[in-house]
Amino acid sequence: MSTYGSFPASRPRRLRTIPAMRRMVAEHRLHPAELILPAFVREGIAEPVPVSSMPGVVQHTRDTLRKAAVEAVEAGLGGIMLFGVPEHKDATGSGGTDPDGILQVAIRDVKAEVGDELIVMSDLCLDEFTDHGHCGVLDSEGRVDNDATLERYAEMARVQADAGVHVVGPSGMMDGQVGVVRAALDAAGHQDVSILAYTAKYSSAFYGPFREAVASSLSGDRKTYQQDPANARESLRELALDLAEGADMVMVKPALPYLDVLHRVAESVDVPVAAYQISGEYAMVEAAAANGWIDRERAIEETLTSIKRAGANMILTYWATEFARRLR
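Rules of the game
- Residues numbered from 1 in each chain as written.
- Predicted model: local features only at pLDDT ≥ 70, side-chain atom pairs only at ≥ 80, totals over all residues.
- Heavy atoms only, no water.
- Disulfide = S-S within 2.5 Å.
- Buried < 20%, exposed > 50% of the residue type's maximum accessible area, 1.4 Å probe, protein only.
- Helix = DSSP H or I, 4+ residues; strand = E, 2+ residues; numbered from the N terminus.
- Pairing = 2+ DSSP bridges.
- Right-handed = clockwise from strand over helix to strand, strands pointing away.
- Phe/Tyr/Trp six-rings, centres within 6.5 Å; stacked < 30°, edge-to-face > 60°.

**Points about the state of the cysteines**
Line of reasoning, step 1. Per the counting criterion, the structure on display carries zero disulfides.
Line of reasoning, step 2. Free cysteine cysteine 125: the closest other cysteine sulfur is in cysteine 135, separated by 3.4 Å.

**Quick notes on the pairing of strand β4 (residues 79-85)**
Line of reasoning, step 1. Judged by how many residues are buried, β4 sits mostly within the fold: seven of seven residues are covered.
Line of reasoning, step 2. Of the two faces of β4, the one holding Gly79, Met81, Phe83 and Val85 and the one holding Ile80, Leu82 and Gly84 are both buried throughout.
Line of reasoning, step 3. The sheet contact formed by strand β1 (residues 35-42) and β4 spans seven bridges and is parallel. Of the residues in β4, the one forming a bridge with isoleucine 36 is glycine 79.
Line of reasoning, step 4. The pairing of β4 with strand β5 (residues 119-124) spans four bridges and is parallel. Note that in β5 the partner of leucine 82 across the bridge is serine 122.
Line of reasoning, step 5. A crossover connection joins β4 to the parallel β5 through helix α3 (residues 102-114); in handedness this β-α-β unit is right-handed.

**Focus: the packing of aromatic side chains**
Line of reasoning, step 1. Taken as a whole and judged by the stated rule, the model has six aromatic pairs.
Line of reasoning, step 2. Centre to centre, the rings of phenylalanine 40 and tyrosine 318 are 6.0 Å apart; their planes meet at 20°, and the pair counts as stacked. With phenylalanine 40 in strand β1 and tyrosine 318 in the loop between β10 (314-316) and α11 (320-327), this pair connects stretches of sequence that are 278 residues apart. Across the pair, tyrosine 318 and phenylalanine 40 agree in class, each one buried.
Line of reasoning, step 3. An angle of 70° between the planes, with centres 5.8 Å apart, marks the rings of tyrosine 282 and tyrosine 318 as edge-to-face. Residue tyrosine 282 is located in helix α9 (residues 279-290), and its partner tyrosine 318 is located in the loop between β10 and α11; the two are separated by 36 residues in the primary sequence.
Line of reasoning, step 4. The buried category is assigned to tyrosine 282, whose relative accessible area is 4%.

Set out below in structure tokens:
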């Protein structure tokens, strides 16, 4: 710890006097390339469907998703994370492994539209595609079967990579998922497809609006596979396992309630670290701003800066395109 002079010779406020001074000495700066836009594409619709709990967010048609991808490129974003919303669901989430399923179609659409100008990422999970809403297949007693689910994830990885995705994001929090996905990709000749591991994904109350966005069929909760909000050290164990299994990048989700975990992860690794500013975080700011309780633009910037300050190299946020335009 440095030793500083005392007041009145030492006045930290000198470095806060005018905007130019504050800008010059800022310790952290956000950049458009660090931002990733999560986007939902819904099968069988002719017009975008607004998500009522997330003002400004929609379930895209294939055409409006292409437009959103172009806008993301123009704003300088680093990537787009795609989530599919199918017309039909079943117990095994077969739409998630159908080469012509909505998510694989969306990947091909975006790649055809923007090529390699934007990193195309895909959610690798079954919850959007299962009629029970869980992130895996169920056993005879209605529990999520970890190892049977891994077989489905391997198949999902192959079809998403065949569709042209740059990065897959295994998000189901199954034990061993990163290793199984890596082996499946490599065996199918997709050694260059990266894995963004959802390393510390907590069982959070803040996912509520997301479930509307993906038309989730979930009843109950995901506490047997997502992390307990009370635990922080456990995330470092998950981190070690994911890295050993071949993760190229790691993620903490949600972001704001887990900035302490994000900081610990960022201090522990030398791979890129992402954080997902999730639907409930977005909805809280939008709702408070709509009621005139907070300054919306300042709140958006402050929350994103806090995530960057905690150690994130990349931030998934529904404000990605809007905020990137402000930065340019």
